[in-house]
Amino acid sequence: MFSNNIQSFIILTIYVLIIANVLLLFAIYYEIIKDTLKRKHYDKVSFLLKPEITGYIENEGQKADVEKSLTSHYFKMVAIDTMIDYSETNHVNLSEKFEKLNFVNLLIKKLEKETDIVYLRKLALMRSEQAYDILMNFSRSEDLDISYMSFFGLSLIETQRDKKEAAISQLISSNILRDRIIEILRQFDLEFEELLGLLEKEESVKGKVIFIKAMMNKDEIKREDYSDLLEKFLDQHREVKIAAIQALSNSQNEKYVSELTKIYENEENWQVRVAVAKGLSNFKFDCVKDVLLKMTKDSEWWVRYNAIKSIVAMGEDGLYSLIDLSLDSSDEKISDLAYYFLNANQDVYNTVKNIEV
């Protein structure tokens, strides 16, 4: 009797599992079919609206015709997507056209009722100044995705200088990762002089580092009258000092080599010495050869490593100096490290082997 009960229970369990799997399979197919139908419906509406939307974008006189075709909320959302795609593909600002169709207010009202990253992204890409206040509010969100998207939207808006600086100030103090802040800051498309002005007014270490890094890859960093203004930041906090070293190195102005050499020779912090070792790769080898070779004997491994890495980047002259280091038996650690870099490149490795023979 007990055995029969167990057998019945097992059979019942098997049937339950089969039914559950069948239901799960139906649910999956239902979702697939539903998504497929939604996509087909979206594509159909998009196909119907695209000529009207494109006509309005290219000729504002067709605004009335577009409004007649926007018969539902769904149609309006598809139209928004179509305009955003056009804007992104053709690199044009359609903020005024979004505003005239009342699309900006439509999304603002939606976001005032409920925070939604999808609607927030659409609003951000509209580049409308009407969205400034709500984007500033959302930029304070503890949700980093919401905060990031809001700042991204703010960076695209053409607005007055005081509003732009207020958004940047809020961005600098946010909890977004520093590299992401720099990405967004570059989206603001500030002139070099504007970044310098913000740097001069900035009091926080974090802010100074961000502004210096934002300007260090701009072409203007090679202008001596601009790069000279960054020299004073070599005497500040370690992180600011490192950023200034990177910026002055990027200027490729050989006048800074002696200053960077002094920093290396007097600096106790190994991270700063590493920054100098990396930065010297931006200059001609004959200007930095002596100090880089000196760095290969530094007490800190990372300084030695980056000094040799910079020598590697110096082309043929650096290569032969590296070969000399690899063959120098007076310091086994240096020769081994140099040989490691040479051995990483098969062509160079063969050259070294031939010299050894």
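Look up: the structure comes first, before these words.
Procedures and definitions
- Residues numbered from 1 in each chain as written.
- Predicted model: local features only at pLDDT ≥ 70, side-chain atom pairs only at ≥ 80, totals over all residues.
- Heavy atoms only, no water.
- Helix = DSSP H or I, 4+ residues; strand = E, 2+ residues; numbered from the N terminus.
- Buried < 20%, exposed > 50% of the residue type's maximum accessible area, 1.4 Å probe, protein only.
- Contact = heavy atoms within 4.5 Å.
- Areas by Shrake-Rupley, 256 points an atom, 1.4 Å probe, with all protein chains shown as cover.
- Polar contact = N/O pair within 3.5 Å; in protein donor to acceptor, adjacent residues only side chain to side chain.
- Arc of directions from axis to C-beta.
- Salt bridge = Lys/Arg side-chain N within 4 Å of Asp/Glu carboxyl O.

A. Highlighting the overall build of the protein. Scanning the protein for helices and strands turns up 21 helices and zero strands. Taking all 357 residues of the protein together, 42% fall into the buried category. Within the protein, counting contacts between residues at least 6 apart in sequence, those at least 24 apart form 61% of the total. In the structure as shown, the protein presents an accessible area of about 20,700 Å², 50% of it carried by carbon and sulfur atoms.

B. Expanded view of unusual backbone geometry. With a phi angle near 65°, Asn102 is a residue other than glycine that sits in the positive phi range. Here Asn102 lies in the loop between helix H4 (95–100) and helix H5 (103–113). In this structure, Asp189 is a non-glycine residue whose phi angle is positive, near 55°. Tracing the backbone shows Asp189 in the loop between helix H10 (178–187) and helix H11 (192–201). For Asp189, a relative accessible area of 60% translates into the label exposed.

C. Main features of helix H6 (residues 117–125). Along H6, the residues classified as buried are Tyr119, Leu120, Lys122, Leu123, Ala124 and Leu125. Where the residues of H6 are buried, they touch helix H3 (73–90), H5, helix H7 (132–138) and helix H8 (144–156). At the N-terminal boundary of H6, the capping side chain belongs to Asp116, with an oxygen 2.8 Å from the backbone nitrogen of Val118. Directly beyond the C-terminal end of H6, a positive phi value near 60° is found at Arg127.

D. Region of interest: helix H15 (residues 257–266). Turning to H15, its buried residues are Val257, Leu260, Thr261, Ile263 and Tyr264. One side of H15 carries all its buried residues, which in axial view fall inside an arc of 160°.

E. Structural context of the pattern of salt bridges. One pass over the full model with this rule turns up 17 salt bridges. Here Glu60 and Lys100 are joined by a salt bridge, their closest N and O atoms 2.3 Å apart. Remark: Lys100 occurs in helix H4 and Glu60 occurs in the loop between helix H1 (2–58) and helix H2 (63–69); sequence separation between them is 40 residues. For Lys241, the salt bridge identified is with Glu267, shortest N-O distance 2.6 Å. Of this pair, Lys241 sits in helix H14 (residues 238–250) while Glu267 sits in the loop between H15 and helix H16 (270–279); the two residues are 26 residues apart in sequence, bridging distant segments of the chain. For the pair Lys241 and Glu267, one class covers both residues: buried. Taken together, the shared-partner salt bridges connect Glu60, Lys97 and Lys100 into one network.

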